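Reading the structure
Chain by chain, the residues:
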Amino acid sequence: MRTGEDISLKLLKTLFIPIRAIPFMESSIIFQGISEKIGPVSLLVKGYKRPSSKLRGEIDILSVSHVLFYPKSTREVHTVREAKMIENYPNIYKNYNTLQECLKIGKILLHTTPRVSASSFFQLYRGLLKEVNRIDGVCKRSLYFGMLVKLLHLHGVFPKLDECVRCKSKKVAYISLKARGPLCPKCAKAYDDTLPYTPKMAQELFFLLSRDFSEISRFKPSSNTEDLIRQMTEIHITMDDENEVEKGSF
Ligand SMILES: [Zn+2]
């Protein structure tokens, strides 16, 4: 029997990392963040600021919580029914710059994470926060650039690092921002934005792409490689309402 209710309205349980907190009414907070199952979401926690709130302490900026809510397509903000914090990273708060870097990456994720395959983006971010917390709250340059390379790869940039993105030749000598990867000398002629691509840059990109964050935190990429990642990020990861991707301390 049809009741006229939206039958797709099922309680969703997902992991969630809040990135922004917006005060709402007198005692409530809207957390914007990344969920593992459906990507970026805005979640309203009613009465959050009240000392008696059960949800206070179970959900907070840059920590991981299990949350339960009814995802309504017609409504942008969903109300949290239950929340349980399962992981937090207190060391991130020890250093102001670290906190800003982690939030900056979080904001990139808020703007660019697709609803489908949100899980890989979520896990990547969780891995980064975990490592920054483990190494006592220092977000090293290498971690920051490693995160960007992994994100670019999820967005289809750098599909292969050792072959021409057009003809699959292994004789790569250039890289193009527009082509999204390496090019052989022949194919490079079709692009006006090519940069020299050395075996060292290829090795470093491969390292950042394939290793986990604990290995990356002990690594130092060259400035050529960092410049390339910075330019790739500017071109391929665009933000809607802010252009703050690369204007931080790095
Ligand atoms: Zn080619």
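Report follows, based on the coordinates.

What counts, and at which threshold
Residues numbered from 1 in each chain as written. Predicted model: local features only at pLDDT ≥ 70, side-chain atom pairs only at ≥ 80, totals over all residues. Axes fitted to C-alpha atoms, helices over the stretch in contact; angles between N-to-C directions. Helix = DSSP H or I, 4+ residues; strand = E, 2+ residues; numbered from the N terminus. Parallel < 35°, antiparallel > 145°, perpendicular 65-115°, else oblique. Left-handed = near helix turned anticlockwise from the far one by under 90°. Contact = placed C-beta atoms within 7 Å. Nonpolar A, V, L, I, M, F, W, Y, C, P; charged D, E, K, R; others polar. Core = buried A, V, L, I, M, F, W, Y, C linked by C-beta atoms within 7 Å. Buried ≥ 20, exposed ≤ 12 C-beta atoms within 10 Å, placed from the backbone. Domains from an automatic or database assignment. Pairing = 2+ DSSP bridges.

A separate point is the packing of helix α3 (residues 141-154) against helix α7 (residues 223-236). Helix-helix packing is described using two parameters, namely the angle between the two axes and the distance between the axes. For the pair α3 and α7, interaxial distance at closest approach is 10 Å and the crossing angle is 45 degrees. Between α3 and α7, the interaxial angle falls into the category oblique. Here α3 runs over α7; the crossing is left-handed. Contacts between α3 and α7 involve Phe145, Leu148, Val149 and Leu152 on the former and, on the latter, Glu226, Ile229, Met232, Thr233 and His236. A breakdown of the residues in the contact of α3 with α7 according to their chemical character gives six nonpolar, two polar and one charged.

Moving on, we get to the nonpolar core. Across soluble globular proteins, nonpolar side chains show a tendency to be buried alongside one another. Counting residues in hydrophobic clusters, the biggest one holds 61 residues, and the most contacted among them are Leu43, Tyr125 and Leu128. Both domains that meet at this core, namely domain 1 (12-90) and domain 2 (92-236), each give it at least three residues. Other than its neighbours up to four places away in sequence, leucine 128 contacts Ile105, Leu143, Met147 and Phe213.

A barrel is described by the order of its strands in space; here five strands give the closed sequence β1-β2-β3-β5-β4, paired in mixed fashion. Averaged over all pairs of adjacent strands, the angle between their axes in this sheet comes to 50 degrees, without regard to strand direction. Of the strand pairs in this sheet, strand β4 (residues 63-69) and strand β5 (residues 77-88) are connected by seven bridges, and their pairing is antiparallel. Within β5, the residue paired with histidine 66 across the bridge is lysine 84. On top of the sheet, helix α1 (residues 96-112) reaches β1 (12-24), β2 (28-35) and β3 (39-45); it is set at about 115 degrees to β1, its chief contact.

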